[in-house]
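What follows is each chain in one-letter form.
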Amino acid sequence: MFRTALRNVLAHKARLLMTVLAVMLGVAFVSGSLVFSDTLSNAYRSQTAKSYAHVDVEIRSYDPSDKVPGIRAKTFDEIARVDGVADAAGRVGGIADVADKDGRLIGGGSSSQGANFAPGKDGKDPLYVFTDGSGPAEPGQVALDKDTAEKGGYHVGDTVRVVLNGPAKTYELSGIFTTDDTSVALGDGLVLLDTPTAQRLFLRPGFFEYVTVTADPGTSSTELASTIRKLLPDDADVKTGRQLAEERAKGGAGDASTITAILLAFAAVASFVSVFLIANTFTMLAAQRTRELALLRAVGASRRQVTRSVLIEATVVGAVGAAAGLGLGAAMATVAHSTVGVFGSKNPDGPLVVTSTTVLVAAVVGVLVTVLSAWLPARRAAKIPPVAAISSAHLPATTRSLLVRNLLGGVMALSGSASVVAGAGIGDSSGKALVGLGAFLAVTGVLVLIPSLSRPVIAVVQPLLRRGFGVSGKLAGQNAVRSPRRTGATASALAVGLTLVSTLTVLAASLGHAVDKVTTDMVKADYMITDSGSGLDTSDVTALRKVKGVTAVSQEQQAWMQIGGSQQDVSGVTPADFEKAFRLTVLSGSADTLAKGQIAVADDVARSHGWKVGDALPVEYEDARKGRLTIGAVFEHNTVILPVVASMDVIEPHAAQTSILKIYVKTDGSTNERALAAALAGNPGVKIGDRQDIRDEFSGYLDTLLNVLYGLLAISLVIAVLGVVNTLAMSVFERQREVGMLRAVGLDRRGVTRMIQLEAVVISLFGAVLGIGVGTFLGWAVGEIVKTDVAGYALVLPWERFGLFLLLPALIGLLAAQWPARSASRLNMLTAIKSE
């Protein structure tokens, strides 16, 4: 039976090709994600090991008396005097953006860091190797990493504009260096300043953020860390360089978890959709080999042997698909590793890593998916009676009742739908479990029912096919429902993909409309000013107020307070300008009370804590001082303003430093973006956005989500193409005599081609309609759960997207039918009629 199975695989290799491709796609995404993750982890381990090669111990501490993270100069001196310490360096860091000679931020103003140059006893800092010049020794000097200097066209002695805290300042470039620092290896820029300047800008004079220690030769880093720990408070963090390297390697590799998760999601969709294609292929092969399988039974093969023979074929197909998928996955991982820069950074260099675990997983996934998918067709094949050997080789598919299947599918679909409706009726997060369970049951039930649904759904379009395409259209409609199981299995691939995408498209469209409505209704400002990360300054606010035509400048400063025993994010605003730039939906109280030193609280926060207007709540500020604040207004929660709003007069006395997140500008219409940019010319890190940019700021993540989902749809469409091609090709092979008879009675080649094409389009649209219908239902249900947390939420049906979702499958079906239709139209009439 093993030799028979192998001969069958070789005899039907063309028909099994599409199955191999489907398995290959699923395995490729699984193995690709594993190879990518292993390669990245190995590269990060190597890079962080180099980064901490000169660090034996690192010390971080927090002084609760001053609420300042850092190590005092006195403590630093004590660490430096510990026996076994060869050298100690105090470190501080922060954000520092560098502008090029044209005034634009290098790298778009993202991921640029600042640090202090900490020379040791020999006048060198072991973390940096200078290729030109030397480290900064005076307050007016900086040093740049080699990549940043090259991008900006800078040389030693040039004047460099650097954005630190506030407007850009000019510095003299004292040196250009290379470093094994992991952040620089990943594409970040690095600016070095002298230690006193860095302490003043990034922390506080006389304090270090952390201390790195180099041990004397022969001194154990673990023992040295234990000795140093005794000098520090209990909350100090002391680790060896090896520990830090391992932690940073894990954290760095974790940054790529999004890409890995996306690849695994693609793998799950590809593998699940492939099940239908594989099952359909082996079902059709078993039907076409009725005489062959019956002969095996007639000469003594048992049912178990016939089943085993089909499963051996599936194993061979799965193994071939797994091997091809592993190779494709490794190629995908290589591409992902080299193009990950589109996500905002680059990866450290390293060799491609393909572990034995990855190879094993690829083999198991490929073979297991194929064998499980072929199991039911194998069992059906084993039930073919020996007497069938004397019949036609291509017996028609059995017409035994689908009663049991329909009952099971109906019960699952109805109970699932009822669970979804019940969960949606609850109307908050407590209904999630019901909706999740119901969605699984409903989708599974529809997939079970899909053969029975094909007849009534396709019957709706049959009159259109007859009127629009004549005999070819009529035959296409009849062929599409001739074998409900085959049609259902082929359409299932599209239905699954479109159910997922339609669900989240409906949800995203509804959320996007809500966010856009809230943003439009609430934000009255015409422009929003943001920065690259170094923080806006009060001087920017002052400069904007002086622009002709500006009527209000509302700054947003984020702060934190313990209010009533719970920590809350607070928006610090200037009340007079805030009212001109925003339109709060006040549910109780008045926003005018902000000017009186009271606070405004979002309704969901007030409700969860039992707060109301007039309550005087105990608060603890950032500087640990305590007081009481009165709630003057409760407003409808939204995605624009933080849940607590307070006047800057309340926040500033307790803030260590002023860091403005955003500035909203309201104008009388006589000014423009160019005038605002001119006013902020001293700060090259600012970004000016109009009203459309304001909308995108709060809803852009939805577009990113949809792009990922459309990638999932593309995978299901690719496999659907393979399924349609496979189904039609094998269907044409089965119907050779029928096609020959049609040609003999007058149907020309063009008519045969059109018949096959229309059949493919009808099957594809059937799957698309089911997927969109079920997806819309589930999207409504999920929306009912989240609407309590999203102000202004209402169901929105994206009809233009639905139209696209129907058009794409129709085109896919038309494309997939080209080869089978061409083969059918070229059949020799006499040969086809004589075929069995």
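Residues numbered from 1 in each chain as written. Predicted model: local features only at pLDDT ≥ 70, side-chain atom pairs only at ≥ 80, totals over all residues. Heavy atoms only, no water.

### Description of the nonpolar core
Move 1: The biggest cluster of nonpolar side chains holds 37 residues, and the ones touching the most others in it are Ile59, Leu193, Val213 and Ile228.
Move 2: Of all hydrophobic cores here, the second largest spans 31 residues; its members include Ile450, Leu475, Phe766 and Ala821. (Core = buried A, V, L, I, M, F, W, Y, C linked by side-chain atoms within 4.5 Å. Buried < 20%, exposed > 50% of the residue type's maximum accessible area, 1.4 Å probe, protein only.)

### Topic: the confidence of the model for the chain
Move 1: Summing up the model confidence of the chain, the mean pLDDT is 81 and the portion of residues at 70 or higher is 85%.
Move 2: Below a pLDDT of 50 lies the segment residues 392-399, which in the model reaches 12 contacts outside its immediate sequence neighbourhood of four places, other chains included. (pLDDT = per-residue confidence, 0-100. Contact = heavy atoms within 4.5 Å.)

### Brief notes about a positive patch on the surface
Move 1: Taken together, the side chains of Arg303, Arg379, Arg380 and Lys383 define a basic patch exposed on the protein surface.
Move 2: For Lys383, the position within the fold is in the loop between helix H12 (356-382) and helix H13 (403-426). (Patch = residues over 30% accessible without salt bridge, like charges linked within 9 Å, V, L, I, M, F, W, Y side chains within 5 Å. Areas by Shrake-Rupley, 256 points an atom, 1.4 Å probe, with all protein chains shown as cover. Salt bridge = Lys/Arg side-chain N within 4 Å of Asp/Glu carboxyl O. Lys, Arg positive; Asp, Glu negative; His and termini not counted. Charge placed at Lys NZ, Arg CZ, Asp CG, Glu CD. Helix = DSSP H or I, 4+ residues; strand = E, 2+ residues; numbered from the N terminus.)

### A short note on the environment of Val762
Move 1: Turning to its location among the elements, Val762 is positioned in helix H23 (residues 749-786).
Move 2: Assessed through its relative accessible area of 8%, Val762 is described here as buried.
Move 3: C-alpha of Val762 to C-alpha of Ala476: the two residues are 286 residues apart in sequence and 8.1 Å apart in space.
Move 4: With residues near it in sequence (within four places) discarded, Val762 still touches Ile458, Leu465 and Ala480.

### Examining the environment of Val796
Move 1: As for its placement among the helices and strands, Val796 is situated in the loop between H23 and helix H24 (799-816).
Move 2: C-alpha separation for the pair Val796 and Trp780, spaced 16 residues apart in sequence, amounts to 9.0 Å.
Move 3: When near neighbours in sequence (up to four residues on either side) are disregarded, Val796 contacts Val506, Ala509, Ser510 and His513.

### Quick word on a nonpolar patch on the surface
Move 1: The grouping of Leu804, Leu807, Leu808, Leu811 and Leu814 at the surface amounts to a nonpolar patch, some 400 Å² of accessible area in total.
Move 2: Position of Leu807 among the secondary structure elements: in helix H24.
Move 3: A relative accessible area of 47% places Leu807 in the partly exposed class.

### Some thoughts on helix H6 (residues 195-202)
Move 1: Burial runs high along H6: six of the eight residues are buried.
Move 2: Among the residues of H6, Thr195, Thr197, Ala198, Gln199, Leu201 and Phe202 are the ones counted as buried.
Move 3: Looking at the buried residues of H6, the elements they touch are strand S6 (93-95), strand S8 (112-117), strand S12 (169-179), strand S13 (189-194) and strand S14 (207-208).

### Some thoughts on the pairing of strand S23 (residues 626-635)
Move 1: Direction of pairing for strand S20 (residues 586-589) relative to S23: antiparallel, over a ladder of three bridges. Within S23, the residue paired with Gly589 across the bridge is Ala633.
Move 2: Both strand S21 (residues 599-602) and S23 contribute to a ladder of four bridges, which runs parallel. Residue Ala600 lies in a different strand from S23, and its bridge partner there is Ala633.
Move 3: With five bridges connecting them, strand S22 (residues 616-620) and S23 associate as antiparallel partners. Of the residues in S23, the one forming a bridge with Leu617 is Leu629.
Move 4: From the end of S22 to the start of S23, which pair antiparallel, there are five residues, and Ala624 there has a positive phi angle of about 75°. (Pairing = 2+ DSSP bridges.)

### Some points on the packing of aromatic side chains
Move 1: What the rule picks out here adds up to eight aromatic pairs.
Move 2: Here the aromatic rings of Trp799 and Phe802 are separated by 5.8 Å at their centres, their planes lie at 90°, and the arrangement is edge-to-face. Pair noted here: Trp799 and Phe802 are both in helix H24, with a separation of three residues, about one helical turn.
Move 3: Judged by its relative accessible area of 60%, Trp799 falls in the exposed class.
Move 4: Judged by its relative accessible area of 6%, Phe802 is buried.
Move 5: Taken together, the ring pairs in this structure connect Phe117, Tyr128, Phe130 and Phe177 into an aromatic cluster.
Move 6: The cationic tip of Arg60 hangs over the ring face of Tyr210; the distance from NZ or CZ to the ring centre is 4.2 Å. (Phe/Tyr/Trp six-rings, centres within 6.5 Å; stacked < 30°, edge-to-face > 60°. Lys NZ or Arg CZ within 6 Å of the ring centre and 35° of its normal.)

### Observations concerning helix H16 (residues 538-545)
For an α-helix, the turn length of 3.6 residues means that residues three or four places apart are oriented alike.
Move 1: Those residues of H16 not exposed but buried are Asp540, Val541, Ala543 and Leu544. Relative to the axis of H16, the buried residues are bounded by an arc of 165° and lie together on one face.
Move 2: Close packing links the buried residues of H16 with strand S17 (527-531), strand S18 (550-563), strand S25 (660-667) and helix H20 (673-679). (Arc of directions from axis to C-beta.)

### Considerations on the sheet that holds strand S15 (residues 210-215)
Move 1: Judged by pairing direction, the sheet is antiparallel, and its four strands sit side by side in the order S5-S15-S1-S16 without closing on themselves. Looking along the sheet, the strands with just one partner apiece sit at the ends: strand S5 (85-91) and strand S16 (237-240). With direction set aside, neighbouring strand axes in the sheet form an average angle of 20°.
Move 2: In this sheet, S15 lies alongside strand S1 (residues 57-60) in antiparallel orientation, the contact comprising four bridges. Each bridged residue has a counterpart across the sheet, and for Val57 the counterpart in S15 is Val213.
Move 3: Sheet strands in contact with helix H3 (residues 73-80) are S1, S5 and S15, and its direction is about 160° off that of S5. (Axes fitted to C-alpha atoms, helices over the stretch in contact; angles between N-to-C directions.)

### Regarding the pairing of S22
Move 1: In S22, alternate side chains face the same way, and those of Leu617 and Val619 are buried while those of Ala616, Pro618 and Glu620 on the opposite face are not.
Move 2: Pairing geometry for S18 and S22, over two bridges, is antiparallel. Pairing of Ile563 across the sheet is with Val619, part of S22.

### Description of a negative patch on the surface
Move 1: Together, Glu673, Asp690, Asp693 and Asp696 make up a region of like negative charge exposed at the surface.
Move 2: Here Asp696 shows up in helix H21 (residues 691-734).
Move 3: Residue class for Asp696 comes out partly exposed when judged on its relative accessible area of 38%.

### With respect to the environment of Ala422
Move 1: Relative to the helices and strands, Ala422 is located in helix H13.
Move 2: By relative accessible area, Ala422 is classed as partly exposed at 37%.

### Some details on the packing of H23 against H24
Move 1: Orientation of H23 relative to H24, taken along the N-to-C sense of each, is 150°, at an axis distance of 8 Å. Comparing their axes, H24 and H23 come out roughly antiparallel. Judged by the twist between their axes, the crossing of H23 over H24 is right-handed. For the pair H23 and H24, the contacting residues are Gln757, Ala760, Val761, Ser764, Leu765, Ala768, Val769, Ile772 and Thr776 in the first and Phe802, Phe805, Leu806, Pro809, Ala810, Gly813 and Leu814 in the second.
Move 2: Of the residues assigned to the contact of H23 with H24, the class counts are 12 nonpolar, four polar and no charged. (Parallel < 35°, antiparallel > 145°, perpendicular 65-115°, else oblique. Left-handed = near helix turned anticlockwise from the far one by under 90°. Nonpolar A, V, L, I, M, F, W, Y, C, P; charged D, E, K, R; others polar.)

### Some points on the pattern of salt bridges
Move 1: All chains considered together, the criterion is met by eight salt bridges.
Move 2: Taking the shortest distance from any N to any O, the salt bridge between Asp237 and Lys239 comes out at 4.0 Å.
Move 3: Residue classification places Asp237 among the partly exposed residues on the basis of a relative accessible area of 34%.
Move 4: We note a salt bridge from Lys787 to Glu784, for which the minimum N-O separation is 3.0 Å.
Move 5: The exposure class of Lys787 is partly exposed, given its relative accessible area of 36%.
Move 6: Looking at Glu784, the relative accessible area reads 17%, which means it is buried.
Move 7: By sharing partners, the salt bridges in this structure join Glu58, Arg60 and Glu209 into a single network.

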